[in-house]
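Chain residues, written in single-letter form:
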Amino acid sequence: MKPVFEPSSLRTTILQASSFPKHKPTHECGVFAVFGHDDAAMLTYYGLFALQHRGQESAGIVTAKGSDSPFALHKGMGLVSQVFKGDELDALVGTRAIGHVRYSTTGSSTHKNAQPFLVDTARGQLAIAHNGNLVNAAELRAELEAKGSIFQTTVDSEIVLHLLAQPRDSSSVLAVLRRLQGAFSIILMGEREIIGFRDPHGFRPLCLGKKDGAYVLASESCAFDLIQAQFVRDVEPGEVVIIDNSGLRSEFPFQPSRSAFCIFEYVYFARPDSLIGGITVSNVRVEMGRELARQFPAEADMVIPVPDSGVYAALGFSEELGIPYYPAFVRNHYIGRTFIQPTQRIRDFNVRVKLNLIPEAVRGKRVVVVDDSIVRGTTARARVVNLREAGAKEVHMRISCPPHKNACYYGIDFPDPEKLLANQCTREEIRKYLGADSIGYLSTEGMIRSTKRAPSEFCTACFTGDYPVPFNASFDKLIMEKRAGRARLLEKEEPRLL
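About the criteria used
Residues numbered from 1 in each chain as written. Predicted model: local features only at pLDDT ≥ 70, side-chain atom pairs only at ≥ 80, totals over all residues. Heavy atoms only, no water. Phe/Tyr/Trp six-rings, centres within 6.5 Å; stacked < 30°, edge-to-face > 60°. Buried < 20%, exposed > 50% of the residue type's maximum accessible area, 1.4 Å probe, protein only. Helix = DSSP H or I, 4+ residues; strand = E, 2+ residues; numbered from the N terminus. Lys NZ or Arg CZ within 6 Å of the ring centre and 35° of its normal. Pairing = 2+ DSSP bridges. Axes fitted to C-alpha atoms, helices over the stretch in contact; angles between N-to-C directions. Contact = heavy atoms within 4.5 Å.

## Notes on the packing of aromatic side chains
Given two aromatic rings, their pairing is described by the distance between the two centres and the angle made by the two planes.
Step number 1: Using the criterion set out here, one finds 18 aromatic pairs in the structure.
Step number 2: Here the aromatic rings of Tyr268 and Phe269 are separated by 5.4 Å at their centres, their planes lie at 55°, and the arrangement is tilted. Neither Tyr268 nor Phe269 differs from the other in exposure class; each is buried.
Step number 3: On the basis of an interplanar angle of 15° and a centroid distance of 3.8 Å, the ring pair of Tyr409 and Phe471 is categorised as stacked. Of this pair, Tyr409 sits in the loop between strand 21 (394-399) and helix 14 (421-424) while Phe471 sits in the loop between helix 17 (461-464) and helix 18 (479-489), and the two are 62 residues apart along the sequence.
Step number 4: Of the residues examined, Tyr409 reaches a relative accessible area of 12% and is grouped as buried.
Step number 5: Since its relative accessible area comes to 28%, Phe471 is described here as partly exposed.
Step number 6: Cation over ring: Lys210 sits above Tyr215, and NZ or CZ is 4.7 Å from the ring centre.
Step number 7: One Lys or Arg, Arg383, reaches over the ring of Phe329 and ends 5.5 Å from the middle of that ring.

Written as structure tokens, this is what we have:
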């Protein structure tokens, strides 16, 4: 087995990264809504099932059956199947519903931060489900607290509800939306309507469908397939869709802005069967694999995907070069969110428990491993070690996106830049650290070309450092908790209430 190179500049980074089980940027959130269907709660339940890949920390549904009835809410920590286990759906009556699956991108992973949020205001009951990050959340919250607002969570989504609860002359929905900065695909439910909207840059996806005459909104079209709804179209960047008993209408309250759809939706986040921007995600990933093969070909006996996110890129790579495709890594689909950690005698447990290798398939072979991304590099290195131990003759790594060098402030939980392998090392240092015979990353141009869309339509900040919306460099997902901590530190210096 080849020795593993570990440059001195990486030692601190590797030690820090080894304590994190995550090796991928974590999913954002998924939102879903139904207006005008007798089975609104059940349809939302299945819609959230289809969007489970976008968040596994918590799930929730709010329903309404009329303007004179209280909204019904059930939410909790865990997967959709864990939160809704029995009779919970029976209590969620009504013809309108919104739902949410969460991964925390602002605010910690706790029950109080689980969505949707439900409040009573002077304008009636309001519920919200949000995918994305508001980059001006801290400033807006400080302004609201100065006016006496009391917050129950540490999530930026609650800020939108507080803004809407302000006096009517300053809190029309469109006026509130104009104050938000950053990434937001949001669904609001009021006493008579459901409102869906995307930020003017269109960072996060949101699409519109119909089912038995009812309107449906979802983060991805794969949710429509499960409930047999008809895909109508994507909600446009900067569009506000209002659905009520009169039907559907649209408003465009924002100034025209540059498009900045997150290209990582195509690379990794979105389900391969979803339709985004008129293109099926799986087709884009196959083309990314073809582009990768043209840019970094390899002489090898087989192409091995890292399931599940590397499967389609590996297919494209295999087809382009005529190298046999073989799924030598087998995924365990029944791993829960938590499990008992073994002793140190079981090496690389977090890696091996999810993917196991078929040694006979790779022994004596030259293999190309295709994955969608490398973040910290610890898991990719373990894969190479496994292949070497199984007797692979050569191991070539191919990655279907460019190197990640920058943090995301728009709703993806990337680690700090100093924990990103490509931010700390040269390409050759990365190859040596992984223990691979060669490494190739798809270029930014090739990645965009695979989408058949214009470069100007995308946010590529995590690769290029070109951030389309200004942000506070001190921002992180726990910024609200840190604000509360600073307030406690000042208690002795501030006058007491009594």
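## Let's talk about the sheet that holds strand 11 (residues 230-234)
Step number 1: Reading across from one edge, 3-2-4-1-10-9-11 is the order of the seven strands in this open sheet, with antiparallel pairing throughout. Unpaired on one side and paired on the other, strand 3 (72-77) and strand 11 mark the two borders of the sheet. Averaged over all pairs of adjacent strands, the angle between strand axes in this sheet comes to 15°, irrespective of strand direction.
Step number 2: Here strand 1 (residues 29-35) runs beside strand 4 (residues 96-102); their pairing, made up of seven bridges, is antiparallel. Across the sheet, Gly30 pairs through a bridge with Val101, a residue of strand 4.
Step number 3: Relative to strand 4, helix 2 (residues 40-50) is tilted by about 20°, and along the sheet it contacts strand 1, strand 2 (58-64), strand 4 and strand 9 (207-211).

## Concerning the sheet that holds strand 7 (residues 185-189)
Step number 1: Strand order in the open sheet formed by six strands is 5-6-7-8-12-13, with antiparallel pairing between adjacent strands. Either end of the sheet is taken by a strand with one partner, and the two such strands are strand 5 (117-121) and strand 13 (247-251). Strand-to-strand twist across the sheet, computed as the mean angle between neighbouring axes with direction ignored, equals 20°.
Step number 2: Of the pairings in the sheet, the one linking strand 7 to strand 8 (residues 194-198) comprises five bridges and is antiparallel in character. Among the inter-strand pairings, Ile186 is bridged to a residue of strand 8, identified as Phe197.
Step number 3: Those strands touched by helix 5 (residues 157-164) are strand 5, strand 6 (124-131) and strand 7, and its axis lies near 150° from that of strand 6.

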